[in-house]
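Chain residues, written in single-letter form:
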Amino acid sequence: EQLCWLCLIICGQRCKHVFLWFVEQEKDPGFWKEWAQRTLKNALNLQDLNKNVAKNIILFLGDGMGVPTVTAARILKGQLNGQNGEETQLEMDKFPYVALSKTYNTNAQVPDSAGTATAYLCGVKANEGTVGVSAAAVKSQCNTTRGNEVTSILKWAKDAGKSVGIVTTTRVNHATPSAAYAHCVDRDWYSDGEMPDEALQNGCKDIARQLFENIPDIDVIMGGGRRSMYPRNTPDVEYPGEKKHNGTRKDGRNLVGEWTDRMKDKRGYYVWNKKDLFSLNPNNVDYLLGLFEPADLPYELERNKETDPSLTEMVDVAIKILQKNERGFYLLVEGGRIDHGHHDGKAKQALHEAVEMDRAITRAGLLTSIYDTLTVVTADHSHVFSFGGYTHRGNSIFGLAPIISDIDQKPFTSILYGNGPGFKLVNGARENVSTQNNYQAQAAVPLSMETHGGEDVAIFSKGPMAHLLHGVQEQHYIPHVMAYAACIEDSLCLLENNFVTYSIIRTNTKLTLLIRIHSTFFYFFLHLKSNTVYLTNM
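Residues numbered from 1 in each chain as written. Predicted model: local features only at pLDDT ≥ 70, side-chain atom pairs only at ≥ 80, totals over all residues. Heavy atoms only, no water.

## A short note on the overall build of the chain
A tally of helices and strands in the chain yields 13 helices and 24 strands. Buried positions account for 54% of the 538 residues belonging to the chain. Counting contacts in the chain only where the partners sit at least 6 residues apart, residues at least 24 apart contribute 67% of the total. Split by element, the accessible area of the chain, about 23,700 Å² in all, is 52% carbon and sulfur. (Helix = DSSP H or I, 4+ residues; strand = E, 2+ residues; numbered from the N terminus. Buried < 20%, exposed > 50% of the residue type's maximum accessible area, 1.4 Å probe, protein only. Contact = heavy atoms within 4.5 Å. Areas by Shrake-Rupley, 256 points an atom, 1.4 Å probe, with all protein chains shown as cover.)

Here it is, written out as structure tokens:
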């Protein structure tokens, strides 16, 4: 039972009525003790480590999702469900293991999304602005590319016979997804139309081209980025009258058309809208290319629900296609517009993007099993985003602090940015945000675009070998844990001697007995017709 208390807060000359909800049982010390005991029992169960083979690997990457963003998204999720918010659990909060990731680039204390993507996908730290190349490569210098390429966990999984996929709310050739397949010294070389002539003459390839050439059989690709795939001035299929969405390629190639021709006899389908996506039966699709916007997908709050799929909907389709492979799959999922919302000083957009990614995590959990699927949720970097001001329990996460400044006698937003477009002066003084219906979160330093933060970010994990993601780790450690859990690439598990692991994995109507004998690199599959599953490790 909940009791409603009315609290009157004085903000200068204005009064705000804020409803604070207190749960009556929280007054009882026994309530907190019982809660702690339940949590303790769950913690004790974690002593039985999951050392199964990771048949499947899913990485959820919240671009710019620092710890303050996670906390604020948790509160928002609860408030969207009519709760206070603070006591709510995100799906990622339920994961049993949490670590911290050190995000710096080799040449940057505060990183960018390209160098960090190279770390958590390719397993090596790299320079800011570069993807899929080592720190020996220099940003924007084409001639430093060759010989410094590094491959990703996505390629390792593909080479091991697994299906692989990329799902993002940004362009599919944006910084995060591009590190999974491209080797490029400049993250902004989306198409050859964005490349300098010197780089083209020296043989460097744009990122969109590399998407289709470097790993030509990526099973699922979904996101935005259509304009990078078509010849310059080609009208967009969805916005034919808007020149800013026209194709950008100088080489005259139609990369979508080339992909369609190559996949037409391989049960491959190209879609550009939600209706076409939902018309497909995943059981009849082996390859899927979905490009739903000319550039990035719209924010979740602005999404046309008739034409553009949500991140959750894309993840649902992707897993249903990928999981048909009896050897398993690797899936990279990016909630990329969390970052964009923060850069714009639009905390509301950023946090709703984070909540949507959490919905996608929930959906993925329903479609997979912790016994054979390693799921990791993390961020590439943080932002200079925070919230405070001694707000009361249940205060709207987007609301004002309950006090006014004792310096200029004006209210301030609970959410604050260290810098960004939210810095505003009116007649030489700080803006009175209480007079604005749709205000921007305030910032301390004026910038046209807010910046990244340099603090550690969280790593949430569950499934086989998830316990290896613990403590404070370098960011490049993440894909090495994934490779070890799945026993792919040159992982340590392949070098261990006299160690045999076997597990039984359910695949639709049959079971697969997977035996790994590491000293001989031998895999043995035995299909059983049975409804009973025994999971055993030796």
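## As for a nonpolar patch on the surface
Together, Val 67, Leu 100 and Val 472 make up an exposed nonpolar region whose accessible area comes to about 220 Å². Mapped onto the elements, Leu 100 comes out in strand β4 (residues 97–102). (Patch = residues over 30% accessible without salt bridge, like charges linked within 9 Å, V, L, I, M, F, W, Y side chains within 5 Å. Salt bridge = Lys/Arg side-chain N within 4 Å of Asp/Glu carboxyl O.)

## Let's talk about the sheet that holds strand β12 (residues 385–387)
The strand order across the open sheet formed by three strands is β12-β15-β18, and the pairing between neighbours is mixed. Of all the strands in the sheet, just β12 and β18 (442–446) have a single pairing partner and so form its edges. In this sheet, adjacent strand axes meet at a mean angle of 20° when their direction is disregarded. (Pairing = 2+ DSSP bridges. Axes fitted to C-alpha atoms, helices over the stretch in contact; angles between N-to-C directions.)

## Comments concerning the UniProt feature "binding site: Mg(2+)" (unreviewed entry) in the chain
Those residues carrying the UniProt feature "binding site: Mg(2+)" (unreviewed entry) are Asp 63, His 174, Thr 176 and Glu 334 in this numbering. These annotated residues cover 272 residues of sequence, but their C-alpha atoms sit close together, with the largest distance between any two at 11.3 Å. By secondary structure assignment, the location of Thr 176 is in helix α5 (residues 175–178). Given the relative accessible area of 0%, Thr 176 is considered buried. If we ignore the near neighbours within four places in the chain, the residues touching Thr 176 are Leu 61, Asp 63, Ala 117, Tyr 120, Leu 121, Leu 332, Glu 334 and Asp 380. A polar side-chain atom of Thr 176 sits 3.4 Å from a polar atom in the side chain of Asp 63. By secondary structure assignment, the location of Glu 334 is in strand β9 (residues 329–335). Excluding anything up to four places from it in sequence, Glu 334 contacts Leu 61, Asp 63, Val 167, Thr 168, Thr 169, Thr 170, Thr 176, Pro 177 and Leu 311. (UniProt positions renumbered as here; feature names shortened; annotations may be inferred. Polar contact = N/O pair within 3.5 Å; in protein donor to acceptor, adjacent residues only side chain to side chain.)

## Some points on the sheet that holds strand β3 (residues 56–62)
Backbone hydrogen bonds hold the strands of a sheet together, and the pairing may be parallel or antiparallel. The mixed open sheet is built from 10 strands, whose spatial order is β7-β8-β6-β5-β9-β3-β10-β20-β4-β21. Both edges of this open sheet fall to β7 (268–271) and β21 (472–474), since each of them pairs with a single strand only. Across the sheet, the mean angle from the axis of one strand to that of its neighbour is 15°, orientation sign disregarded. Sheet topology places strand β5 (residues 163–171) next to strand β6 (residues 220–224); four bridges connect them, and they run parallel. Considered in β6, the bridge of Val 167 is made with Met 222. On top of the sheet, helix α12 (residues 347–367) reaches β3, β5, β9, β10 (373–379) and β20 (457–462); it is set at about 170° to β3, its chief contact.

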